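Listed below, chain by chain, are the residues.
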Amino acid sequence: MKFTRDTSQALSITAVDDGEIRLGEKIYRKTIAVTSSEVIENWPEKPVAELTPQDFSALLDHGPELIVLGTGARNVFAPRQVTFALARKGIGLEVMSTGAAARTFNVLAGEGRRVAALLYIQGGPANAREDRD
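Please read these numbers as outputs of a predicted model, since none were measured by experiment. (Residues numbered from 1 in each chain as written. Predicted model: local features only at pLDDT ≥ 70, side-chain atom pairs only at ≥ 80, totals over all residues. Heavy atoms only, no water.)

Participant: Sorry, what's going on with the sheet that holds strand β4 (residues 32–35) here?
Facilitator: One key point about sheets: their strands pair by backbone hydrogen bonds, in either a parallel or an antiparallel sense. Pairing in this open sheet of five strands is mixed, and the strands run β5-β4-β8-β6-β7 from one edge to the other. Either end of the sheet is taken by a strand with one partner, and the two such strands are β5 (39–40) and β7 (92–96). As defined by bridge partners, β4 adjoins β5 across two bridges and the pair is classed as antiparallel. Its bridge partner lying in β5, valine 34 is registered against valine 39. Lying over the sheet, helix α3 (residues 98–110) contacts β4, β6 (66–71), β7 and β8 (115–120), oriented at roughly 160° with respect to β8. (Pairing = 2+ DSSP bridges. Helix = DSSP H or I, 4+ residues; strand = E, 2+ residues; numbered from the N terminus. Contact = heavy atoms within 4.5 Å. Axes fitted to C-alpha atoms, helices over the stretch in contact; angles between N-to-C directions.)

Participant: I keep staring at the packing of aromatic side chains and nothing clicks. Help me out?
Facilitator: We describe a pair of aromatic rings using the distance from one ring centre to the other and the angle between the two ring planes. What the rule picks out here adds up to one aromatic pair. Geometrically, the ring pair formed by tryptophan 43 and phenylalanine 56 is edge-to-face, given 6.0 Å between the ring centres and 70° between the ring planes. Placement of the pair is tryptophan 43 in the loop between β5 and α1 (57–60) and phenylalanine 56 in the loop between β5 and α1, with a sequence separation of 13 residues. Accessibility assignment for this pair places tryptophan 43 and phenylalanine 56 in one class, buried. (Phe/Tyr/Trp six-rings, centres within 6.5 Å; stacked < 30°, edge-to-face > 60°. Buried < 20%, exposed > 50% of the residue type's maximum accessible area, 1.4 Å probe, protein only.)

Participant: What am I meant to see in the pattern of salt bridges here?
Facilitator: Side chains carrying opposite charge are able to pair once their charged atoms draw close together. Going through the model one piece at a time under the given rule, you end up with five salt bridges. Arginine 29 is the partner of glutamate 20 in a salt bridge, and the nearest nitrogen-oxygen pair spans 3.3 Å. Residue classification places arginine 29 among the exposed residues on the basis of a relative accessible area of 59%. For the salt bridge of glutamate 41 with lysine 26, the shortest nitrogen-to-oxygen distance reads 3.9 Å. On the criterion of sequence distance, the pair formed by glutamate 41 in the loop between β5 and α1 and lysine 26 in strand β3 (residues 26–28) is long-range, its members being 15 residues apart. For lysine 26, a relative accessible area of 42% gives the class partly exposed. Among the charged side chains, a network of salt bridges with common partners joins Glu20, Arg22 and Arg29. (Salt bridge = Lys/Arg side-chain N within 4 Å of Asp/Glu carboxyl O.)

Participant: Please explain the pairing of β4 as it appears in this structure.
Facilitator: A regular strand places its side chains so that they alternate between the two faces of the sheet. Here β4 shows a buried face lined by Ile32 and Val34 and a second buried face lined by Ala33 and Thr35. Both β4 and β8 contribute to a ladder of four bridges, which runs antiparallel. Note on β8: the bridge partner recorded for valine 34 is alanine 117. Counting the residues in the hairpin turn of β4 and β5 gives three residues.

Participant: Sorry if this is basic, but what is going on with the sheet that holds β3 here?
Facilitator: Within the open sheet, the three strands sit side by side as β1-β2-β3. Their pairing is antiparallel. Each edge of the open sheet carries a strand with a single partner, namely β1 (13–17) and β3. In this sheet, adjacent strand axes meet at a mean angle of 20° when their direction is disregarded. When β1 meets strand β2 (residues 20–23), the two strands line up antiparallel, connected through four bridges. Paired with aspartate 17 across the strands is glutamate 20, a residue of β2. Set on the sheet, α3 makes contact with β1 and β2; between it and β1 the angle comes to about 175°.

Right, here's the structure in full:
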């Protein structure tokens, strides 16, 4: 899926395909976190169901008001303690497919909003635990 070019100064996700996420000319083939100014590449490769509030500390350092969680081709909800911990800090968590999360991130970052995204590769570990059950 291709996206239109964003003319703002914020980082922009230019494509999401099976197995990769593209920001400009750089291609990522594993889970990444993104803010309007930085890509956090060394995100732990763990299923969404195993995420903890501590996993989000690198994103929280950027002061987001909203974190968009892209969980691959289908929605996989984070544990409730993650959602509640973020809400107590005044930070929203929205779960959607990675393609929808990328589009949402681009729009909000382009508007100058304090947004961050955690993006799982489609077909990656987002729901690996769910598949074992």
